[in-house]
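Notes for the structure review
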Amino acid sequence: MSDGIMTGIEYDDFLDLGYEPAGTELVCEFTIEPAAGMSMEAAASRVASESSNGTWAALHVDEDELTELGAVACGIDGRTVTVAYPTALFEAGSMPQILSCIAGNILGMKAVDSIRLEDCDWPESITSGFPGPQFGPSVAREKLDAGERPVLATVPKPKVGLSTDAHARIGEEAWRGGVDLLKDDENLTDQAFNPFADRLAESLAARDRAQEETGERKDYLVNVTAETTEMLERVDLVAEHGGGFVMVDVITCGWAAVQSVRERCEDHGLAIHAHRAMHAAFDRLDHHGVSMRVIAQIARLCGVDHIHTGTAGLGKLANEDTPGINEWLTSDCHGLRPVLPVASGGLHPGVVDQLIDALGTDIIVQAGGGIHGHPDGTHAGAKALRQSVEASMAGTDLETYADDHAELATALEKWGAETPR
Ligand SMILES: O=C(O)[C@H](O)COP(=O)(O)O
Ligand SMILES: [Mg+2]
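Residues numbered from 1 in each chain as written. Chains lettered and ligands numbered in written order. Predicted model: local features only at pLDDT ≥ 70, side-chain atom pairs only at ≥ 80, totals over all residues. Heavy atoms only, no water.

As annotated in an unreviewed UniProt entry, the chain is Ribulose bisphosphate carboxylase from Natrinema gari JCM 14663. The UniProt entry for the chain carries this comment under Sequence similarities (unreviewed entry): "Belongs to the RuBisCO large chain family. Type III subfamily." Note on the chain: under the UniProt heading Subunit (unreviewed entry), the record states "Homodimer or homodecamer. In contrast to form I RuBisCO, the form III RuBisCO is composed solely of large subunits." (UniProt positions renumbered as here; feature names shortened; annotations may be inferred.)

What to know about unusual backbone geometry
Look at the link from K157 to P158: it is a cis peptide, with omega at 0 degrees. Within the element layout of this structure, P158 appears in the loop between β7 (151-154) and α5 (164-177). Notably, M278 is not glycine yet its phi reads approximately 90 degrees, a positive angle. For M278, a relative accessible area of 48% gives the class partly exposed. Of note, H334 is a non-glycine position whose phi angle comes to about 50 degrees, a positive value. Note that H334 resides in the loop between α12 (322-330) and β14 (340-344). Here H334 falls in the partly exposed class, since its relative accessible area comes to 39%. (Helix = DSSP H or I, 4+ residues; strand = E, 2+ residues; numbered from the N terminus. Buried < 20%, exposed > 50% of the residue type's maximum accessible area, 1.4 Å probe, protein only.)

Some thoughts on the UniProt feature "domain: Ribulose bisphosphate carboxylase large subunit C-terminal" (unreviewed entry) in the chain
Feature annotation in UniProt places "domain: Ribulose bisphosphate carboxylase large subunit C-terminal" (unreviewed entry) on residues 139-415, given in this structure's numbering. Within residues 139-415, the helical portion is 49% and the strand portion 13%, while the C-alpha atoms at the span's ends are 30 Å from each other.

Let's talk about the site of ligand 1
Close contacts around ligand 1 come from 14 residues, with K157, S344, G346, G368 and G369 the closest. Here an oxygen atom of ligand 1 and a side-chain polar atom of E186 are 3.2 Å apart. In the model, an oxygen atom of ligand 1 is placed 2.7 Å from a nitrogen or oxygen of the G346 main chain. Calculation on ligand 1 without its partners gives an accessible area of 320 Å², and the protein chains cover 93% of this total. Under a 2 Å grid-point criterion requiring more than half of the atoms, the pocket assigned to ligand 1 is the largest pocket. Of the residues that constitute the shell around ligand 1, the class distribution is one nonpolar, eight polar and five charged. (Near = heavy atom within 4 Å. Polar contact = N/O pair within 3.5 Å; in protein donor to acceptor, adjacent residues only side chain to side chain. Areas by Shrake-Rupley, 256 points an atom, 1.4 Å probe, with all protein chains shown as cover. 1 Å grid on protein atoms, 1.4 Å probe; cavity = no way out; pocket = protein on both sides within 12 Å on 5 of 7 lines; lining within 4 Å. Sits in = over half its atoms within 2 Å of the grid points. Nonpolar A, V, L, I, M, F, W, Y, C, P; charged D, E, K, R; others polar.)

Points about the sheet that holds strand β13 (residues 306-308)
Spatially, eight strands are ordered β7-β8-β9-β10-β11-β13-β14-β15 in a closed barrel, and the strand pairing comes out parallel. Pairs of neighbouring strands in the sheet enclose a mean axial angle of 25 degrees, with direction left out of account. Here β7 runs beside strand β15 (residues 364-366); their pairing, made up of three bridges, is parallel. Along β15, the bridge assignment pairs A153 with Q366. Most of the contacts of α5 go to strand β8 (residues 181-183), to which it runs at about 150 degrees, and overall it touches β7, β8 and β9 (219-223). (Pairing = 2+ DSSP bridges. Axes fitted to C-alpha atoms, helices over the stretch in contact; angles between N-to-C directions. Contact = heavy atoms within 4.5 Å.)

Right, dumping it as C-alpha coordinates:
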(Lines give C-alpha, C1' and ligand atoms only; values in the text may rest on other atoms or scores of the structure.)
(Ligands and ions follow the chains in the order given, each with its own letter.)
Protein backbone atom coordinates (compact mmCIF):
# COMPACT_ATOMS: atom_id res chain seq x y z
CA MET A 1 0.00 0.00 0.00
CA SER A 2 1.32 3.53 -0.80
CA ASP A 3 1.60 6.32 1.78
CA GLY A 4 -1.23 8.47 0.34
CA ILE A 5 -4.04 9.92 2.46
CA MET A 6 -6.65 7.32 3.31
CA THR A 7 -10.26 8.15 2.56
CA GLY A 8 -13.29 6.41 4.03
CA ILE A 9 -16.23 5.53 1.77
CA GLU A 10 -19.41 4.78 3.63
CA TYR A 11 -22.79 4.50 2.07
CA ASP A 12 -24.18 7.58 3.80
CA ASP A 13 -21.51 9.63 2.02
CA PHE A 14 -23.69 9.28 -1.09
CA LEU A 15 -26.57 11.46 0.16
CA ASP A 16 -26.57 15.23 -0.37
CA LEU A 17 -30.04 16.68 -0.63
CA GLY A 18 -28.67 20.15 -1.38
CA TYR A 19 -26.70 18.92 -4.42
CA GLU A 20 -27.56 20.38 -7.85
CA PRO A 21 -26.67 17.91 -10.64
CA ALA A 22 -24.32 19.23 -13.30
CA GLY A 23 -25.55 19.29 -16.90
CA THR A 24 -23.00 16.60 -17.76
CA GLU A 25 -24.40 14.09 -15.26
CA LEU A 26 -26.88 11.28 -15.89
CA VAL A 27 -29.85 11.98 -13.63
CA CYS A 28 -32.12 9.05 -12.79
CA GLU A 29 -35.44 8.95 -11.01
CA PHE A 30 -36.34 5.89 -8.93
CA THR A 31 -39.40 4.87 -6.96
CA ILE A 32 -38.14 3.21 -3.78
CA GLU A 33 -39.76 1.29 -0.93
CA PRO A 34 -37.11 1.02 1.81
CA ALA A 35 -36.74 -2.25 3.71
CA ALA A 36 -38.35 -2.44 7.16
CA GLY A 37 -36.44 -0.34 9.66
CA MET A 38 -34.52 1.61 7.01
CA SER A 39 -35.12 5.32 6.46
CA MET A 40 -35.75 6.74 3.00
CA GLU A 41 -32.49 8.69 3.29
CA ALA A 42 -30.49 5.56 4.11
CA ALA A 43 -32.11 3.58 1.29
CA ALA A 44 -31.52 6.39 -1.22
CA SER A 45 -27.92 6.60 -0.16
CA ARG A 46 -27.44 2.82 -0.49
CA VAL A 47 -28.88 2.99 -4.02
CA ALA A 48 -26.47 5.76 -5.06
CA SER A 49 -23.59 3.89 -3.42
CA GLU A 50 -24.21 0.42 -4.88
CA SER A 51 -24.91 1.76 -8.38
CA SER A 52 -21.67 3.76 -8.49
CA ASN A 53 -18.54 3.03 -6.45
CA GLY A 54 -19.70 1.99 -2.98
CA THR A 55 -20.64 -1.25 -1.30
CA TRP A 56 -22.23 -2.46 1.93
CA ALA A 57 -19.06 -2.02 4.02
CA ALA A 58 -17.04 1.11 4.79
CA LEU A 59 -13.92 1.16 2.61
CA HIS A 60 -10.51 2.62 3.27
CA VAL A 61 -8.85 3.62 0.04
CA ASP A 62 -5.66 5.43 -0.81
CA GLU A 63 -6.83 8.70 -2.40
CA ASP A 64 -3.91 8.63 -4.87
CA GLU A 65 -5.27 5.42 -6.31
CA LEU A 66 -8.89 6.46 -6.66
CA THR A 67 -10.87 8.50 -9.17
CA GLU A 68 -13.92 9.96 -7.44
CA LEU A 69 -16.93 8.42 -9.19
CA GLY A 70 -19.57 8.42 -6.47
CA ALA A 71 -23.19 9.06 -7.45
CA VAL A 72 -25.22 11.47 -5.33
CA ALA A 73 -28.73 10.84 -4.04
CA CYS A 74 -29.77 14.46 -4.37
CA GLY A 75 -33.55 14.46 -4.10
CA ILE A 76 -36.24 12.70 -2.08
CA ASP A 77 -39.88 13.46 -2.68
CA GLY A 78 -42.20 10.91 -1.10
CA ARG A 79 -41.10 7.58 -2.60
CA THR A 80 -39.28 9.29 -5.48
CA VAL A 81 -35.50 9.45 -5.28
CA THR A 82 -33.26 11.36 -7.68
CA VAL A 83 -29.69 10.20 -8.20
CA ALA A 84 -27.01 12.03 -10.22
CA TYR A 85 -24.22 9.96 -11.82
CA PRO A 86 -20.92 11.45 -13.05
CA THR A 87 -20.29 10.73 -16.74
CA ALA A 88 -16.83 9.35 -15.98
CA LEU A 89 -18.55 6.39 -14.31
CA PHE A 90 -19.64 5.17 -17.73
CA GLU A 91 -17.87 3.61 -20.69
CA ALA A 92 -18.71 5.64 -23.80
CA GLY A 93 -21.17 3.92 -26.11
CA SER A 94 -21.75 0.79 -23.98
CA MET A 95 -25.39 0.33 -23.05
CA PRO A 96 -24.70 -2.91 -21.12
CA GLN A 97 -22.19 -1.09 -18.90
CA ILE A 98 -24.57 1.81 -18.22
CA LEU A 99 -27.35 -0.58 -17.26
CA SER A 100 -25.05 -2.58 -14.98
CA CYS A 101 -24.74 0.67 -12.98
CA ILE A 102 -28.18 2.26 -12.99
CA ALA A 103 -30.29 -0.91 -13.22
CA GLY A 104 -27.89 -3.51 -11.85
CA ASN A 105 -27.41 -4.86 -8.30
CA ILE A 106 -29.69 -2.20 -6.86
CA LEU A 107 -32.78 -3.97 -8.20
CA GLY A 108 -32.07 -6.91 -5.90
CA MET A 109 -30.69 -5.21 -2.79
CA LYS A 110 -32.18 -6.18 0.57
CA ALA A 111 -31.97 -2.50 1.60
CA VAL A 112 -35.08 -1.87 -0.50
CA ASP A 113 -38.27 -3.90 -0.60
CA SER A 114 -38.78 -2.64 -4.13
CA ILE A 115 -37.21 -0.19 -6.54
CA ARG A 116 -38.19 0.94 -10.02
CA LEU A 117 -36.09 2.98 -12.43
CA GLU A 118 -38.73 5.39 -13.75
CA ASP A 119 -36.96 7.96 -15.92
CA CYS A 120 -33.55 9.14 -17.05
CA ASP A 121 -32.32 12.55 -18.13
CA TRP A 122 -29.54 11.70 -20.58
CA PRO A 123 -26.75 14.27 -20.93
CA GLU A 124 -25.05 14.91 -24.25
CA SER A 125 -21.83 13.53 -22.81
CA ILE A 126 -23.55 10.10 -22.88
CA THR A 127 -25.86 10.38 -25.90
CA SER A 128 -22.92 11.43 -28.08
CA GLY A 129 -21.52 7.91 -27.67
CA PHE A 130 -24.62 6.41 -29.32
CA PRO A 131 -25.84 6.60 -32.91
CA GLY A 132 -29.59 7.00 -32.39
CA PRO A 133 -31.98 6.03 -35.21
CA GLN A 134 -30.95 6.20 -38.85
CA PHE A 135 -34.47 6.93 -40.12
CA GLY A 136 -37.13 7.11 -37.41
CA PRO A 137 -40.47 8.58 -38.56
CA SER A 138 -38.99 9.50 -41.95
CA VAL A 139 -39.52 5.85 -43.06
CA ALA A 140 -43.14 6.86 -43.75
CA ARG A 141 -41.97 9.00 -46.68
CA GLU A 142 -38.40 7.84 -47.39
CA LYS A 143 -39.08 4.12 -47.61
CA LEU A 144 -42.88 3.98 -47.93
CA ASP A 145 -45.72 6.04 -49.38
CA ALA A 146 -47.70 6.64 -46.18
CA GLY A 147 -47.42 10.44 -46.44
CA GLU A 148 -49.02 12.08 -43.41
CA ARG A 149 -51.14 9.12 -42.33
CA PRO A 150 -50.00 6.42 -39.88
CA VAL A 151 -47.95 3.60 -41.41
CA LEU A 152 -49.99 0.39 -41.47
CA ALA A 153 -48.57 -3.04 -40.66
CA THR A 154 -49.82 -6.56 -40.16
CA VAL A 155 -48.51 -9.81 -38.63
CA PRO A 156 -49.85 -13.00 -40.22
CA LYS A 157 -51.72 -15.13 -37.71
CA PRO A 158 -51.42 -17.75 -36.33
CA LYS A 159 -48.11 -16.26 -35.20
CA VAL A 160 -46.23 -19.51 -35.81
CA GLY A 161 -47.14 -22.60 -37.81
CA LEU A 162 -47.97 -21.13 -41.20
CA SER A 163 -45.96 -22.52 -44.10
CA THR A 164 -43.69 -20.18 -46.04
CA ASP A 165 -46.15 -20.15 -48.96
CA ALA A 166 -49.08 -19.30 -46.72
CA HIS A 167 -47.09 -16.56 -44.98
CA ALA A 168 -46.14 -14.88 -48.26
CA ARG A 169 -49.66 -15.27 -49.67
CA ILE A 170 -51.23 -13.66 -46.59
CA GLY A 171 -48.66 -10.87 -46.82
CA GLU A 172 -49.50 -10.26 -50.46
CA GLU A 173 -53.23 -10.09 -49.73
CA ALA A 174 -52.64 -7.62 -46.91
CA TRP A 175 -50.32 -5.43 -48.97
CA ARG A 176 -52.83 -5.41 -51.83
CA GLY A 177 -55.58 -4.49 -49.35
CA GLY A 178 -53.68 -1.38 -48.27
CA VAL A 179 -51.10 -2.09 -45.55
CA ASP A 180 -47.55 -0.81 -46.00
CA LEU A 181 -45.62 -3.37 -43.97
CA LEU A 182 -45.77 -7.11 -43.46
CA LYS A 183 -44.25 -8.01 -40.09
CA ASP A 184 -43.04 -11.31 -38.67
CA ASP A 185 -44.21 -12.21 -35.22
CA GLU A 186 -41.79 -12.12 -32.29
CA ASN A 187 -41.41 -15.89 -32.04
CA LEU A 188 -41.10 -16.56 -35.77
CA THR A 189 -37.43 -16.69 -36.75
CA ASP A 190 -35.96 -19.73 -38.51
CA GLN A 191 -38.03 -22.80 -37.69
CA ALA A 192 -38.41 -25.87 -39.91
CA PHE A 193 -42.04 -25.10 -40.84
CA ASN A 194 -41.05 -21.68 -42.23
CA PRO A 195 -37.28 -21.27 -42.76
CA PHE A 196 -35.85 -17.74 -42.63
CA ALA A 197 -34.14 -17.67 -46.04
CA ASP A 198 -37.15 -19.11 -47.89
CA ARG A 199 -39.57 -16.78 -46.12
CA LEU A 200 -37.41 -13.76 -46.88
CA ALA A 201 -37.17 -14.59 -50.59
CA GLU A 202 -40.84 -15.50 -51.04
CA SER A 203 -42.17 -12.58 -49.03
CA LEU A 204 -40.05 -10.04 -50.89
CA ALA A 205 -41.15 -11.51 -54.22
CA ALA A 206 -44.75 -11.11 -53.05
CA ARG A 207 -43.94 -7.55 -51.95
CA ASP A 208 -42.65 -6.74 -55.44
CA ARG A 209 -45.88 -8.02 -57.02
CA ALA A 210 -47.99 -6.02 -54.57
CA GLN A 211 -45.97 -2.86 -55.29
CA GLU A 212 -46.44 -3.40 -59.00
CA GLU A 213 -50.18 -3.82 -58.59
CA THR A 214 -50.85 -0.97 -56.14
CA GLY A 215 -48.22 1.53 -57.28
CA GLU A 216 -47.28 2.03 -53.60
CA ARG A 217 -43.98 1.19 -51.93
CA LYS A 218 -44.36 -1.77 -49.56
CA ASP A 219 -41.87 -3.54 -47.32
CA TYR A 220 -41.27 -6.44 -44.96
CA LEU A 221 -40.20 -6.40 -41.28
CA VAL A 222 -38.41 -9.73 -41.26
CA ASN A 223 -37.46 -11.03 -37.81
CA VAL A 224 -33.67 -11.52 -37.79
CA THR A 225 -33.53 -12.25 -34.04
CA ALA A 226 -30.90 -14.90 -33.23
CA GLU A 227 -27.48 -15.30 -31.61
CA THR A 228 -25.55 -12.15 -32.61
CA THR A 229 -23.24 -13.55 -35.33
CA GLU A 230 -26.14 -15.39 -36.92
CA MET A 231 -28.31 -12.28 -36.65
CA LEU A 232 -25.73 -10.17 -38.50
CA GLU A 233 -25.65 -12.76 -41.28
CA ARG A 234 -29.42 -12.52 -41.52
CA VAL A 235 -29.16 -8.72 -41.75
CA ASP A 236 -26.74 -9.13 -44.68
CA LEU A 237 -29.15 -11.54 -46.36
CA VAL A 238 -32.03 -9.06 -46.05
CA ALA A 239 -29.90 -6.43 -47.78
CA GLU A 240 -28.86 -8.90 -50.54
CA HIS A 241 -32.52 -9.65 -51.23
CA GLY A 242 -33.49 -5.97 -51.44
CA GLY A 243 -35.40 -5.63 -48.17
CA GLY A 244 -35.52 -2.23 -46.49
CA PHE A 245 -36.11 -3.23 -42.85
CA VAL A 246 -35.22 -5.82 -40.22
CA MET A 247 -37.08 -6.63 -37.05
CA VAL A 248 -35.30 -7.44 -33.76
CA ASP A 249 -36.67 -8.68 -30.43
CA VAL A 250 -34.55 -6.14 -28.58
CA ILE A 251 -35.12 -7.27 -25.00
CA THR A 252 -34.63 -10.99 -25.52
CA CYS A 253 -31.50 -10.59 -27.65
CA GLY A 254 -30.00 -7.81 -25.52
CA TRP A 255 -28.77 -4.28 -26.06
CA ALA A 256 -25.21 -5.25 -27.01
CA ALA A 257 -26.63 -7.27 -29.89
CA VAL A 258 -28.91 -4.38 -30.86
CA GLN A 259 -25.88 -2.10 -30.99
CA SER A 260 -24.14 -4.56 -33.35
CA VAL A 261 -27.23 -4.82 -35.56
CA ARG A 262 -27.52 -1.02 -35.70
CA GLU A 263 -23.96 -0.75 -36.98
CA ARG A 264 -24.50 -3.43 -39.64
CA CYS A 265 -27.83 -1.90 -40.69
CA GLU A 266 -26.12 1.41 -41.33
CA ASP A 267 -23.76 -0.33 -43.79
CA HIS A 268 -26.83 -1.46 -45.73
CA GLY A 269 -29.24 1.46 -45.16
CA LEU A 270 -31.74 -0.85 -43.41
CA ALA A 271 -34.19 0.43 -40.79
CA ILE A 272 -34.72 -1.45 -37.51
CA HIS A 273 -38.16 -2.38 -36.17
CA ALA A 274 -37.88 -3.13 -32.43
CA HIS A 275 -40.30 -5.64 -30.92
CA ARG A 276 -40.35 -5.49 -27.12
CA ALA A 277 -41.31 -9.08 -26.20
CA MET A 278 -40.39 -9.66 -22.50
CA HIS A 279 -40.53 -5.95 -21.60
CA ALA A 280 -43.27 -6.67 -19.10
CA ALA A 281 -40.83 -8.69 -16.97
CA PHE A 282 -39.21 -5.30 -16.28
CA ASP A 283 -42.03 -2.79 -16.50
CA ARG A 284 -45.36 -4.42 -15.63
CA LEU A 285 -45.15 -3.85 -11.86
CA ASP A 286 -45.60 -0.18 -11.05
CA HIS A 287 -43.34 -0.38 -7.97
CA HIS A 288 -40.42 -2.52 -9.19
CA GLY A 289 -38.20 -2.99 -12.24
CA VAL A 290 -37.47 -0.66 -15.13
CA SER A 291 -40.20 1.45 -16.74
CA MET A 292 -41.17 1.13 -20.42
CA ARG A 293 -40.25 4.80 -20.67
CA VAL A 294 -36.62 3.99 -19.83
CA ILE A 295 -36.64 0.91 -22.11
CA ALA A 296 -37.80 3.16 -24.96
CA GLN A 297 -35.06 5.68 -24.15
CA ILE A 298 -32.41 2.95 -24.25
CA ALA A 299 -33.78 1.74 -27.59
CA ARG A 300 -33.55 5.25 -29.06
CA LEU A 301 -29.94 5.69 -27.96
CA CYS A 302 -29.03 2.26 -29.37
CA GLY A 303 -30.58 3.34 -32.66
CA VAL A 304 -33.79 1.48 -33.44
CA ASP A 305 -36.13 3.23 -35.89
CA HIS A 306 -39.44 1.90 -34.54
CA ILE A 307 -40.42 0.53 -31.15
CA HIS A 308 -43.65 -0.87 -29.74
CA THR A 309 -44.88 1.44 -26.97
CA GLY A 310 -48.44 0.25 -26.46
CA THR A 311 -51.90 1.30 -27.51
CA ALA A 312 -52.97 3.88 -24.91
CA GLY A 313 -55.26 1.27 -23.36
CA LEU A 314 -57.09 0.47 -26.62
CA GLY A 315 -55.52 -2.95 -27.24
CA LYS A 316 -55.00 -6.32 -25.55
CA LEU A 317 -51.84 -5.56 -23.53
CA ALA A 318 -51.42 -3.70 -20.25
CA ASN A 319 -49.50 -0.49 -20.93
CA GLU A 320 -48.05 2.37 -19.02
CA ASP A 321 -48.14 5.96 -20.28
CA THR A 322 -48.05 5.46 -24.09
CA PRO A 323 -48.60 9.15 -25.00
CA GLY A 324 -45.86 10.27 -22.60
CA ILE A 325 -43.39 7.68 -23.92
CA ASN A 326 -44.18 8.59 -27.53
CA GLU A 327 -43.69 12.25 -26.73
CA TRP A 328 -40.21 11.50 -25.34
CA LEU A 329 -39.32 9.40 -28.39
CA THR A 330 -40.07 12.29 -30.72
CA SER A 331 -38.78 15.16 -28.55
CA ASP A 332 -35.31 16.67 -28.83
CA CYS A 333 -32.52 14.57 -27.30
CA HIS A 334 -29.22 16.27 -28.12
CA GLY A 335 -29.77 15.89 -31.84
CA LEU A 336 -30.57 12.13 -31.89
CA ARG A 337 -33.19 11.37 -34.53
CA PRO A 338 -36.67 10.55 -33.19
CA VAL A 339 -38.15 7.04 -33.12
CA LEU A 340 -41.45 6.13 -34.79
CA PRO A 341 -43.67 4.55 -32.09
CA VAL A 342 -45.63 1.38 -32.90
CA ALA A 343 -49.13 0.76 -31.57
CA SER A 344 -49.79 -2.96 -31.61
CA GLY A 345 -51.61 -5.68 -29.70
CA GLY A 346 -55.32 -6.24 -30.07
CA LEU A 347 -56.03 -3.36 -32.47
CA HIS A 348 -58.80 -3.49 -35.10
CA PRO A 349 -60.44 -0.96 -37.46
CA GLY A 350 -63.11 0.02 -34.91
CA VAL A 351 -60.60 1.63 -32.51
CA VAL A 352 -58.37 3.45 -35.01
CA ASP A 353 -60.14 6.80 -34.60
CA GLN A 354 -59.67 6.66 -30.80
CA LEU A 355 -56.05 5.58 -31.27
CA ILE A 356 -55.27 8.53 -33.53
CA ASP A 357 -57.03 10.88 -31.09
CA ALA A 358 -54.82 9.54 -28.29
CA LEU A 359 -51.49 9.22 -30.12
CA GLY A 360 -51.63 11.35 -33.27
CA THR A 361 -50.70 10.25 -36.78
CA ASP A 362 -46.92 9.81 -36.43
CA ILE A 363 -47.23 6.16 -35.47
CA ILE A 364 -47.29 2.69 -36.98
CA VAL A 365 -50.64 0.97 -36.50
CA GLN A 366 -50.22 -2.81 -36.48
CA ALA A 367 -53.21 -5.15 -36.59
CA GLY A 368 -52.81 -8.93 -36.78
CA GLY A 369 -56.03 -10.49 -35.50
CA GLY A 370 -57.77 -7.21 -36.38
CA ILE A 371 -57.06 -7.88 -40.08
CA HIS A 372 -56.92 -11.67 -40.46
CA GLY A 373 -59.95 -12.12 -38.18
CA HIS A 374 -62.14 -10.07 -40.52
CA PRO A 375 -65.15 -12.23 -41.51
CA ASP A 376 -64.23 -11.85 -45.21
CA GLY A 377 -60.54 -12.61 -44.78
CA THR A 378 -57.19 -10.87 -44.91
CA HIS A 379 -57.67 -8.76 -48.05
CA ALA A 380 -60.96 -7.34 -46.77
CA GLY A 381 -59.45 -6.90 -43.31
CA ALA A 382 -56.57 -4.84 -44.69
CA LYS A 383 -59.00 -2.73 -46.69
CA ALA A 384 -61.08 -2.13 -43.56
CA LEU A 385 -58.03 -0.97 -41.61
CA ARG A 386 -56.99 1.41 -44.38
CA GLN A 387 -60.56 2.72 -44.63
CA SER A 388 -60.71 3.39 -40.88
CA VAL A 389 -57.46 5.37 -41.17
CA GLU A 390 -58.79 7.33 -44.17
CA ALA A 391 -61.97 8.15 -42.23
CA SER A 392 -60.00 9.26 -39.16
CA MET A 393 -57.64 11.39 -41.25
CA ALA A 394 -60.64 13.07 -42.90
CA GLY A 395 -62.33 13.62 -39.52
CA THR A 396 -65.26 11.48 -40.61
CA ASP A 397 -67.06 9.30 -38.10
CA LEU A 398 -66.26 5.58 -38.75
CA GLU A 399 -69.95 4.59 -38.91
CA THR A 400 -70.64 7.28 -41.50
CA TYR A 401 -67.60 6.28 -43.60
CA ALA A 402 -68.76 2.65 -43.40
CA ASP A 403 -72.00 3.57 -45.21
CA ASP A 404 -70.17 3.29 -48.52
CA HIS A 405 -67.15 1.17 -47.45
CA ALA A 406 -68.37 -2.41 -47.12
CA GLU A 407 -65.20 -3.88 -45.57
CA LEU A 408 -65.19 -1.30 -42.77
CA ALA A 409 -68.91 -1.86 -42.23
CA THR A 410 -68.32 -5.60 -41.73
CA ALA A 411 -65.42 -4.96 -39.32
CA LEU A 412 -67.52 -2.55 -37.27
CA GLU A 413 -70.36 -5.06 -37.19
CA LYS A 414 -67.98 -7.69 -35.83
CA TRP A 415 -65.91 -5.68 -33.34
CA GLY A 416 -67.67 -2.35 -32.88
CA ALA A 417 -65.40 0.02 -30.92
CA GLU A 418 -64.63 -2.57 -28.22
CA THR A 419 -61.21 -3.02 -26.65
CA PRO A 420 -60.26 -6.74 -26.54
CA ARG A 421 -58.61 -8.67 -23.70
O1 LIG B 1 -46.24 -8.77 -32.51
C2 LIG B 1 -47.25 -8.08 -32.49
O3 LIG B 1 -47.22 -6.86 -32.52
C4 LIG B 1 -48.55 -8.82 -32.37
O5 LIG B 1 -48.42 -10.09 -32.81
C6 LIG B 1 -49.85 -8.23 -32.35
O7 LIG B 1 -50.87 -9.12 -32.77
P8 LIG B 1 -52.40 -8.73 -32.75
O9 LIG B 1 -52.56 -7.49 -33.57
O10 LIG B 1 -53.14 -9.91 -33.31
O11 LIG B 1 -52.76 -8.50 -31.32
MG1 LIG C 1 -46.75 -10.63 -31.67
